[in-house]
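# Structural description and commentary
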Amino acid sequence: MAQMTGAEALTLLLVREAVPFVFGVAGGKLNPLLHAISREPSIRYLGVRHEASGPLMGAAIAAASGRICVALGEMGPGSSNLVGGLGTAFNNNLPLVLVTSNNHHACAYPHRGMFMDLDTHALLKPLTKWSAVVHDGRRLPDLVRDAFRQALTGRRGPVHLDVPQDVFTTKFDFDDAALSLPPSAYRTVEGPRASAAQIARAADMLAQAERPVLVAGGGVVSAEGGALFRNLLEVLKAPALATQMGIGTVPSDSPFFIGHGGIIGGDAVSSALAEADVILAVGCRFSSWLWNETGALAGGGADLININIDPMSLGANARHALGIWADAASALADLLDALRSRQIPDRSRWLARMRDIYASYRGKLERMNEDNGPVMHPARLGTALGKLLPADALIAYDGGHTSFWSNDLTPATIERTRFHEPGMCQLGFGTPYAVALKLLHPDRPVFNICGDGAFGFTLSELDTARRYGLPIINIIHNNASWGVIKMGQRKTYDFSFGTDLDGVDYADVARGFGCHGERVTTVEEIGPALERAIASGLPAVIDCHVRFEAHPSMPYFAKMNAYGFPQGAGGPHAALVKGV
């Protein structure tokens, strides 16, 4: 038997799961846990400026590496602040462990009016896969194992342990074996495998298809199946796309690439899904980024083969001809084996036609890049960044409409290098993501390309980046407004209200935090500004002044938002595409 405090036992259990980072704000009730973590060399603690950034940083680590981190919340407001970032992990299926403190048992559950009282379990339960209160410290090994099992099994996501103060400070007797179990002893480390009959049927459908389309979702990335998916492309020689969570799985320079990011990837995405006779979707739950006004884009005449580790995602948004409950990597490996014995027809005309549609869409963007107006067009900024940013860079696409330009104009040749936030669409995730990405990969350049509105949500984390010596570079599309909202107000109601954000010099803000800051107004200034920012060795902000222009995928965005409204009504964003 080993005797230790609950805080010490919890820290030891985190070590067993190889937790690399803990994010949080120092708090009195958390001090016993912080003390234990400070003495553990394998875990690095990062103190953030707002608790919401903790789960955002943990989500970034999960998206970039598959590893699971911990975000802390002090009782009361520290815990409620987690909600602002927690939705990103929850809606994007990213594993994360939340640990919150609470008042000691004498005045908690039920609470009796102590200051900072909060039923944190009830608050966070809707935004987590699983949540529990540690009423008895002796149950910590059991509950921590439950937490990691829930977070990392099946469709991944965040989990939560609420720990009363006295559990952290009291010493308990723990069985040595209970504290030293390897993860493989209490949770599965491999996902389910498809049956041979399902794989054979899928292989037959793909081999017989005349117009197949392949879709890579975030499940391919979390299963480390990117290379297998690309091998399948070489075998089937069919047009392919990636969702926002799967971005990079189909390289943007691949001869099979027809767009990524779902519907915002351009004309070829919707055309291919509408005309296909077979769609293979792997690790994709057909969220609204693959919808139009009638629902999922797979709802046409195609036979859908849908492979997903979450059985409840199969058939939920898109009806399938064949639904396969399986880990993406194992299913792809089995499918490749099965296709070796099958004759693959020539799809060159089908592929060429989809690639031509994609090329025509790229032509729209190239013509926008030729705009030489007095205020920089966002396509000019996006195109320049696509050429200037280092090939090995890690890049977050923060902002609503702004992220559309990054999606199209920034090359993405491998997964886990470009980061959208499609599930919650949380503005401001980019700076915390960039901080975490730099922490994970200190030798790689890290950028956050964002809108000025989005940047304002979490700009205080510039201080975190400076304190910990993490030289991230924030590049702002600054149109001094909530641009797409302003456009919608004017086109729908002929008014503008509450959408102006002018008067802020973000380069000055950066310098006020002790960071590097520059203001850019022309495309010719971008390259030199990037060089100076990198050379500074500091966290940096490059404040790029652009005008608002509607992205060419706005009509698809409007159609997505028209789902559920009467046919022909156009939905709430119908007016956004007038004149686009």
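Remember, predicted model here, so these are calculated numbers, not experimental data. (Residues numbered from 1 in each chain as written. Predicted model: local features only at pLDDT ≥ 70, side-chain atom pairs only at ≥ 80, totals over all residues. Heavy atoms only, no water.)

Attention now moves to the overall build of the chain. Along the chain, the regular secondary structure elements total 24 helices and 22 strands. By the compact-globule yardstick of 25 Å for 580 residues, the chain fits well, its C-alpha radius of gyration being 24 Å. Evaluated residue by residue, the chain yields a buried proportion of 58% over its 580 residues. Excluding contacts between residues fewer than 6 apart, the proportion of contacts in the chain whose partners are at least 24 apart in sequence is 76%. Counting every atom, the chain has about 22,000 Å² of accessible surface; 52% of that belongs to carbon and sulfur. The chain carries 50 positive and 55 negative side-chain charges, and their two centres are separated by 2 Å. (Helix = DSSP H or I, 4+ residues; strand = E, 2+ residues; numbered from the N terminus. Rg over C-alpha atoms; globule rule 2.2 N^0.38 Å. Buried < 20%, exposed > 50% of the residue type's maximum accessible area, 1.4 Å probe, protein only. Contact = heavy atoms within 4.5 Å. Areas by Shrake-Rupley, 256 points an atom, 1.4 Å probe, with all protein chains shown as cover. Lys, Arg positive; Asp, Glu negative; His and termini not counted. Charge placed at Lys NZ, Arg CZ, Asp CG, Glu CD.)

What follows is about the UniProt feature "domain: Thiamine pyrophosphate enzyme TPP-binding" (unreviewed entry) in the chain. As annotated in UniProt, the feature "domain: Thiamine pyrophosphate enzyme TPP-binding" (unreviewed entry) corresponds to residues 398-544 in the numbering used here. In residues 398-544, the share of helix is 42% and the share of strand is 16%. The end C-alpha atoms are 15 Å apart. (UniProt positions renumbered as here; feature names shortened; annotations may be inferred.)

Let us look at the packing of helix α3 (residues 53-65) against helix α18 (residues 430-440). Helix packing for two helices is described by the angle between their axes and how far apart those axes are. Look at α3 against α18: their axes get within 8 Å of each other, and the N-to-C directions meet at 50°. Compared by their axis directions, α3 and α18 come out oblique. In terms of crossing hand, the pair formed by α3 and α18 is right-handed. The segment α3 lies against α18, with Ser53, Leu56, Met57, Ala59, Ala60, Ile61, Ala63, Ala64 and Ser65 engaging Pro432, Tyr433, Val435, Ala436, Leu437 and Leu440. Considered class by class, the residues forming the contact of α3 with α18 number 13 nonpolar, 2 polar and no charged. (Axes fitted to C-alpha atoms, helices over the stretch in contact; angles between N-to-C directions. Parallel < 35°, antiparallel > 145°, perpendicular 65-115°, else oblique. Left-handed = near helix turned anticlockwise from the far one by under 90°. Nonpolar A, V, L, I, M, F, W, Y, C, P; charged D, E, K, R; others polar.)

What follows concerns the side chain of histidine 516. The topology assignment puts histidine 516 in strand β21 (residues 516-520). Of the residues examined, histidine 516 reaches a relative accessible area of 17% and is grouped as buried.

A few words on helix α7 (residues 140-152). Compared with an ideal rise of 1.5 Å per residue, which puts 13 residues at 18 Å, α7 spans 18 Å between its outermost C-alpha atoms and is within 8% of the ideal. Taking burial as the measure, the 13 residues of α7 include 10 buried ones, the bulk of the element. By the burial criterion, the buried members of α7 are Leu140, Pro141, Leu143, Val144, Arg145, Asp146, Ala147, Phe148, Ala151 and Leu152. Glycine 154 occupies a position one or two residues after α7 and carries a positive phi of about 65°. (Expected span 1.5 Å × (residues − 1).)

The subject of this paragraph is the domain arrangement of the chain. The accessible area lost on association of the parts is a frequent measure of interface size. Once the domains are mapped, the chain shows domain 1 (2-185), domain 2 (196-355) and domain 3 (371-549). Averaged C-alpha coordinates put domain 2 and domain 3 at centres separated by 31 Å. Listed as interface residues are 20 residues of domain 2 and, on the opposing side, 14 residues of domain 3. Of the roughly 1,500 Å² buried between domain 2 and domain 3 on both sides combined, carbon and sulfur atoms contribute 56%. Between arginine 230 and glutamate 415 there is a salt bridge; the shortest N-O distance is 2.7 Å. Viewed at the interface, domain 3 and domain 2 are joined by 8 residue pairs in polar contact (both at pLDDT 80 or more). Here the residues of the side of domain 2 that touches domain 3 are counted per class, giving 8 nonpolar, 9 polar and 3 charged. (Domains from an automatic or database assignment. Buried area = accessible area lost by both parts, 1.4 Å probe. Salt bridge = Lys/Arg side-chain N within 4 Å of Asp/Glu carboxyl O. Polar contact = N/O pair within 3.5 Å; in protein donor to acceptor, adjacent residues only side chain to side chain.)

Now for the pattern of salt bridges. Note that side chains of opposite charge can pair when their charged atoms are close. Counted under the stated rule, the structure contains 22 salt bridges. The partner of arginine 416 in a salt bridge is glutamate 224, with the nearest N and O atoms 2.9 Å apart. You can see arginine 416 sitting in the loop between α17 (402-409) and β18 (418-419) and its partner glutamate 224 sitting in the loop between α11 (218-222) and α12 (226-236), a full 192 residues away along the chain. Taking the relative accessible area as the measure of exposure, arginine 416 reaches 14% and is therefore buried. Judged by relative accessible area, glutamate 224 falls into the exposed class, the value being 52%. Sharing partners across several salt bridges, the network here consists of Arg49, Asp463, Arg466 and Arg467.

This part covers the UniProt feature "domain: Thiamine pyrophosphate enzyme N-terminal TPP-binding" (unreviewed entry) in the chain. As annotated in UniProt, the feature "domain: Thiamine pyrophosphate enzyme N-terminal TPP-binding" (unreviewed entry) corresponds to residues 4-119 in the numbering used here. End C-alpha to end C-alpha, residues 4-119 measures 27 Å, and it is 39% helix and 18% strand.

To continue, consider a nonpolar patch on the surface. On the surface, a nonpolar cluster with roughly 260 Å² of combined accessible area is contributed by Met114, Phe115 and Met116. Relative to the elements of secondary structure, methionine 114 occurs in the loop between β5 (96-102) and α6 (120-124). (Patch = residues over 30% accessible without salt bridge, like charges linked within 9 Å, V, L, I, M, F, W, Y side chains within 5 Å.)

Before going further, it helps to spend a moment on the state of the cysteines. Enumeration according to the criterion identifies 0 disulfides in this entry. Left without a disulfide partner, cysteine 425 is nearest to the cysteine sulfur of cysteine 284, which lies 15 Å away. With no disulfide partner, cysteine 544 has as its closest neighbouring cysteine sulfur the one in cysteine 450, 9.5 Å distant. (Disulfide = S-S within 2.5 Å.)

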